[in-house]
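Given next are the chains, with one letter for each unit.
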Amino acid sequence: MRSFTYERANTPGEAAAAVARTPGARFIAGGTNLLDLMKLQIETPTHLVDVNGLKLDTIEPAPEGGLRIGALVRNTDLAADERVRRDYAVLSRALLAGASGQLRNRATTAGNLLQRTRCPYFYDTAQPCNKRQPGSGCSALDGVSRQLGIVGVSDACIATNPSDMAVAMRVLDATVETVKPGGVSRTIPIAEFHRLPGDTPHVETALEAGELIIAVTLPPPLGGRQIYRKVRDRASYAFALVSVAAVIHQDGTGRVALGGVAHKPWRIEAAEADLPRGPKVVTEQLLADAKPTHDNAFKRPLVERTLGAVISQARN
Amino acid sequence: MAHPSELNVNRREVIAGAGACAAVAAAPLPAGAQRSRVETPVLTQVSFNVNGQLHTLEIDTRTTLLDALREHLHLTGTKKGCDHGQCGACTVLVDGRRINSCLTLAVMHQGDTVTTIEGLGTPDNLHPMQAAFIKHDGYQCGYCTPGQICSGVAVLDEIKAGIPSHVTADLTGSVQLSEAEIRERMSGNICRCGAYSNIVEAMTEVAEKQG
Ligand SMILES: Cc1cc2nc3c(=O)[nH]c(=O)nc-3n(C[C@H](O)[C@H](O)[C@H](O)COP(=O)(O)OP(=O)(O)OC[C@H]3O[C@@H](n4cnc5c(N)ncnc54)[C@H](O)[C@@H]3O)c2cc1C
Ligand code: SF4
């Protein structure tokens, strides 16, 4: 790990200003992703601004009827919150399907949204990777790509976003609230928060340098059957090969988002009108532009079957 | 034959020596790693309570909580397995909650209360979970055991507190103790010897005694 200086911030404005002021500075929340990457020198911050003291760890009713989740609320606490369990079960389920009990006790809402890809070549510093070192090439294109993306991919990067929570946030249409170093705050719809790789796969979100996430807001409850189904190599403690987050109403209408297939949670609203017609037509639309590799072509039928299982679970 | 404690000392010295060599004969840096920044350690002070005792340490900011416990406080019960949050050997309780001590910096724990395996019980006065692990043979080599026991204690508290898990059938109902719940909640603690079924038995017995 490279050496770094460290400070504890007391207010969001102070934290954002501290990161903006110091070149190479980063926020640290739970630390479960950043420290992992720092040990491998994939991340080499010169200064860490600890945001754990910002008192952004509460879940409050939002004025419009939803819930406003502080950026520092731990994944365990978010999943266990009674209101979330009752009204946003897909979010509880997605969180509980991710990582381990120990990790969820530390991982925060903001940190989870910003966790980086699990592409094996991103982790292997001896291999070219455009995301880790822009312009060096993508080792995954001709490499082992079983885990990687099939849709929204580019010639520069086919990595996936590994977050389970983000897939649920996308199906719920959450908004991300931030404060910029100058003190200006803004809200970013989750649909626009994560980016596709294009030719700049190292630019992963809409956040600007030093921009601090302060909360994530869920809209008023949607009702319906809320399901998160994650398909993985082990029954527990493994990243998704494919996952489906769904809100399905009694008449069969609803919404669906996919995890494990793209650089961001994958949702195409126009495809959802066909949900009552079953998984095949919906999957065809969701994956119309898919460009799977030899290794991960299995994800297409896996998406269709997982979606089929979710739709029938919603009926029972 | 050397006395076990001598062996220990020797092993430690060898490891420390090897680390020093690596630092001197710096291997070429992998692509992507930043080059030739002067590595001046940044020292900082942090105080926290470990097993009922307040400690103040002057440490390199890079020190994880795990390394602070093992290398600075010489509480070597907590183990370093993968050092990447994947195996659970480093599990300790911070303010009553289990975390991976390898994926958190010591400086981030100013004022916190840390409980390690040494704080749960002693050889003369075992914690019920320690006693149950012995009774049910919840280990073979024992390396993952401190982490398993810390996690096991926390898991029973989490179930009591009604925190749901991936296998909890009804999110709006109460959480019931079951083998499936224990297995799911313990998935962050890997046991290379495969003592899992005995660990489940040990935890089940403690849970039943607690009522
Ligand atoms: C072994 C293992 C298994 C895992 N399995 C899963 C899994 O199955 N599913 C899953 O979804 N996840 C999984 N994870 C990932 C885990 O969910 C993330 O590590 C965690 O959510 C990151 O949150 P954190 O608070 O620790 O982030 P940190 O590591 O503290 O930060 C992550 C990033 O976010 C930035 N950041 C943090 N807070 C803010 C803020 N308020 N504003 C702006 N930037 C901020 C940091 O600068 C950093 O770049 C796993 C992790 C491990 C180690
Ligand atoms: S897929 Fe993306 S993250 Fe993986 S090697 Fe290619 S550029 Fe790097």
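Residues numbered from 1 in each chain as written. Chains lettered and ligands numbered in written order. Predicted model: local features only at pLDDT ≥ 70, side-chain atom pairs only at ≥ 80, totals over all residues. Heavy atoms only, no water.

Going by the annotation in an unreviewed UniProt entry, the name recorded for chain B is Aldehyde oxidoreductase iron-sulfur-binding subunit PaoA, with Microvirga lupini given as the source organism. Turning to chain B, the UniProt record has this under Subunit (unreviewed entry): "Heterotrimer composed of PaoA, PaoB and PaoC." (UniProt positions renumbered as here; feature names shortened; annotations may be inferred.)

Going by an unreviewed UniProt entry, chain A carries the name Xanthine dehydrogenase YagS FAD-binding subunit and comes from Microvirga lupini.

### Remarks on helix α12 (residues 299-315) of chain A
All names here are of chain A. The end-to-end C-alpha separation of α12 is 24 Å, in line with the 24 Å expected for 17 residues at 1.5 Å each. Of the residues making up α12, those classed as buried are K299, L302, V303, T306, L307, G308, A309, V310, I311 and A314. Tucked into the core, α12 has its buried residues touching β9 (225-231), β10 (242-248), β11 (254-259) and α11 (279-286). (Helix = DSSP H or I, 4+ residues; strand = E, 2+ residues; numbered from the N terminus. Expected span 1.5 Å × (residues − 1). Buried < 20%, exposed > 50% of the residue type's maximum accessible area, 1.4 Å probe, protein only. Contact = heavy atoms within 4.5 Å.)

### As for the UniProt feature "domain: FAD-binding PCMH-type" (unreviewed entry) in chain A
As annotated in UniProt, the feature "domain: FAD-binding PCMH-type" (unreviewed entry) corresponds to residues 1-223 of chain A in the numbering used here. A helix fraction of 28% and a strand fraction of 16% characterise residues 1-223 of chain A, whose end C-alpha atoms lie 47 Å from each other.

### Some thoughts on the nonpolar core
In this structure, L78(A), L91(A), L113(A), M169(A) and L218(A) are the most contacted members of the largest nonpolar core, which totals 53 residues. Here this core gets 7 residues from one element, more than from any other, and that element is helix α9 (residues 165-172) of chain A. Counting contributing residues, this core receives three or more from each of domain 1 (5-50) and domain 2 (225-315) of chain A. For L218(A), the contacting residues outside a window of four places in its chain are G66(A), L67(A), I69(A), Y88(A), L91(A), M169(A), L172(A) and A174(A). Ranked by size, the runner-up nonpolar core spans 31 residues in total, among them Y237(A), F48(B), V50(B) and A106(B). (Core = buried A, V, L, I, M, F, W, Y, C linked by side-chain atoms within 4.5 Å. Domains from an automatic or database assignment.)

### Focus: the domain arrangement of chain A
According to the domain assignment, chain A consists of domain 1 (5-50) and domain 2 (225-315). A separation of 35 Å is found between the C-alpha centroids of domain 1 of chain A and domain 2 of chain A.

### Some points on the interface of chain B and chain A
Accessible area lost upon the coming together of the parts serves often as the stated size of an interface. Taken residue by residue, the interface counts 55 residues in chain B and 49 residues in chain A. Taking both partners together, chain B and chain A bury about 4100 Å²; carbon and sulfur atoms supply 50% of that area. Area buried by chain B at its contact with chain A is led by L103(B), M108(B) and L171(B), which between them contribute 16% of it. In this structure, the connection of chain B to chain A is made through 2 salt bridges. The partner of K39(A) in a salt bridge is D83(B), and the shortest N-O contact between them spans 2.9 Å. (Buried area = accessible area lost by both parts, 1.4 Å probe. Salt bridge = Lys/Arg side-chain N within 4 Å of Asp/Glu carboxyl O.)

### Some words on the site of ligand 1
Neighbouring ligand 1 are 35 residues; R26(A), F27(A), G31(A), T32(A) and T108(A) lie closest to it. Neighbouring residues of ligand 1 are not confined to one chain but are distributed across chains A and B. Contact distances for ligand 1 include 2.9 Å between an oxygen atom and a backbone N or O atom of G30(A). One of the backbone nitrogen or oxygen atoms of P162(A) is found 3.5 Å away from an oxygen atom of ligand 1. Burial of ligand 1 by the protein chains amounts to 96% of its free accessible area of 980 Å². Looking at the shell around ligand 1, the elements with two or more residues in it are β2 (25-28), α7 (109-113) and β8 (212-218) of chain A. Residues of the shell around ligand 1, tallied by class, amount to 16 nonpolar, 14 polar and 5 charged. (Near = heavy atom within 4 Å. Polar contact = N/O pair within 3.5 Å; in protein donor to acceptor, adjacent residues only side chain to side chain. Areas by Shrake-Rupley, 256 points an atom, 1.4 Å probe, with all protein chains shown as cover. Nonpolar A, V, L, I, M, F, W, Y, C, P; charged D, E, K, R; others polar.)

### Brief notes about empty space enclosed by the protein
What the rule picks out here adds up to 3 cavities of 30 Å³ or more. Estimated volume of the largest cavity: approximately 80 Å³. Considering the residues around the largest cavity, the lining is formed by 16 residues, among which C119(A), C129(A), C138(A), A140(A) and C157(A) are closest to the centre. For the lining of the largest cavity, the residue count by class is 12 nonpolar, 3 polar and 1 charged. Forming the walls of the second largest cavity are T76(A), G101(A), R104(A), N105(A), R98(B), E158(B), I163(B), P164(B), S165(B) and R185(B). Looking at which element gives the most residues to the lining of the second largest cavity, the answer is helix α6 (residues 101-106) of chain A, with 3 residues. (1 Å grid on protein atoms, 1.4 Å probe; cavity = no way out; pocket = protein on both sides within 12 Å on 5 of 7 lines; lining within 4 Å. Points joined across faces, edges and corners; volume = space filled by probe spheres on them.)

### Here's the deal with the pattern of salt bridges
Residue and element names in this part refer to chain A. All told, the structure shown has 30 salt bridges over all chains when counted by the stated rule. Between E43 and R26 there is a salt bridge; the shortest N-O distance is 2.5 Å. Pair noted here: E43 is in the loop between α2 (34-39) and β3 (47-50) and R26 is in strand β2, with a separation of 17 residues, a long-range link. In this structure E43 comes out as buried when scored by relative accessible area, which is 7%. Where salt bridges share partners, they join R170, D173, R255, R267, E269 and E272 into one cluster.

### Section: helix α4 (residues 128-135) of chain B
Residue and element names in this part refer to chain B. Every buried residue of α4 is accounted for by M129, Q130, A132 and F133. Buried residues in α4, looked at end-on, bunch into an arc of 165 degrees, giving them a common side. Among the exposed residues of α4, those oriented more than 90 degrees off its buried face are P128 and K135. In this fold, the buried residues of α4 make contact with α3 (117-120), α5 (145-160) and α7 (196-210). Taken from the residues just after α4, D137 is the one with a positive phi, measuring 60 degrees. (Arc of directions from axis to C-beta.)

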